[in-house]
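If you want the building blocks of each chain, they are given just below.
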Amino acid sequence: MKKLITIAILVAFAAASTALAGTRVNIKDSDDAAAEADMHRRFDHPKTQVVPNDQLQVVVTRDVIMHSCCMPPNLVVAGKITNTSDKPIDYVRLHFAFEDKHGKILHGESLYNHHAESLADDPYIQKILNEKPHYDPIMPGQSDTFGFSISCTELPVFSKVELFSNDIKQ
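Report follows, based on the coordinates. (Residues numbered from 1 in each chain as written. Predicted model: local features only at pLDDT ≥ 70, side-chain atom pairs only at ≥ 80, totals over all residues. Heavy atoms only, no water.)

1. Regarding the overall build of the protein
In terms of helices and strands, the protein carries 3 helices and 7 strands. For the protein, buried positions account for 27% of its 170 residues. Of the contacts made within the protein by residues no fewer than 6 positions apart, 66% connect residues no fewer than 24 positions apart. Entry remark: accessible area of the protein is about 11,700 Å², with carbon and sulfur atoms responsible for 57%. (Helix = DSSP H or I, 4+ residues; strand = E, 2+ residues; numbered from the N terminus. Buried < 20%, exposed > 50% of the residue type's maximum accessible area, 1.4 Å probe, protein only. Contact = heavy atoms within 4.5 Å. Areas by Shrake-Rupley, 256 points an atom, 1.4 Å probe, with all protein chains shown as cover.)

What follows is the structure, encoded as structure tokens:
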């Protein structure tokens, strides 16, 4: 029995060594590794996680850090909201929560869906534009979009971004 087990182990090692004989490990040059780490630091970030809502479907279509020669990098998040309820929705106020690795909220931002953007205007802007805040309701099954941009210099170091859409006016 011991001879049979020994033969089986030797056959297994022979098969494994044959299978792994062509395996290569690429070692990165330190300059390449530094460049990759810099790209990761500049362009990678925790992606926005949508908190579910039973009246609204929220889909993030863009979540990137945009770079320009003329200004600091910006975090840009855009998406689409769809009314999944059976009633019209007047407007949706979306809230972004930037959290640390322990779940503590470090920073918050909010915005309205595009058809209700004027609700965020302050009185001075309303006077300049000569208009009152207004919104176009989102009917059941209809969609609208949203867009968010903030300079990365205004954000703390964060580990998680959550997007809440629970501030709905019907």
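2. Remarks on the environment of Ile105
Inspection of the secondary structure assignment puts Ile105 in strand S5 (residues 105–112). For the pair Ile105 and Phe158, spaced 53 residues apart in sequence, the C-alpha to C-alpha distance is 9.0 Å. Each residue touching Ile105, except ones within four places of it in the same chain, is listed here: Ala97, Phe98 and Glu99.

3. What to know about the environment of Pro88
Among the secondary structure elements, Pro88 is positioned in the loop between strand S3 (74–83) and strand S4 (91–99). Distance in space between the C-alpha atoms of Pro88 and Pro137 is 6.2 Å, their sequence separation being 49 residues.

4. Quick word on the sheet that holds strand S2 (residues 56–66)
As summarised here, the arrangement of the 3 strands in space is S2-S3-S6, forming an open sheet in which the pairing is antiparallel. In this open sheet, the two strands that pair with only one neighbour each are S2 and strand S6 (143–151). Each adjacent strand pair in this sheet contributes to an overall mean axis angle of 15°, direction not counted. Here S3 pairs with S6 via 9 bridges, running antiparallel. Looking at the pairing, Gly79 lines up with Phe146 of S6. (Pairing = 2+ DSSP bridges. Axes fitted to C-alpha atoms, helices over the stretch in contact; angles between N-to-C directions.)

5. Looking at the environment of Pro156
Positionally, Pro156 belongs in the loop between S6 and strand S7 (160–169). On the basis of relative accessibility, which here comes to 30%, the residue Pro156 falls in the partly exposed class. Not counting residues within four places of it along the chain, the set of residues in contact with Pro156 comprises Leu106 and His107.

In short, the description is geometric, and any link to function would need to be established separately.
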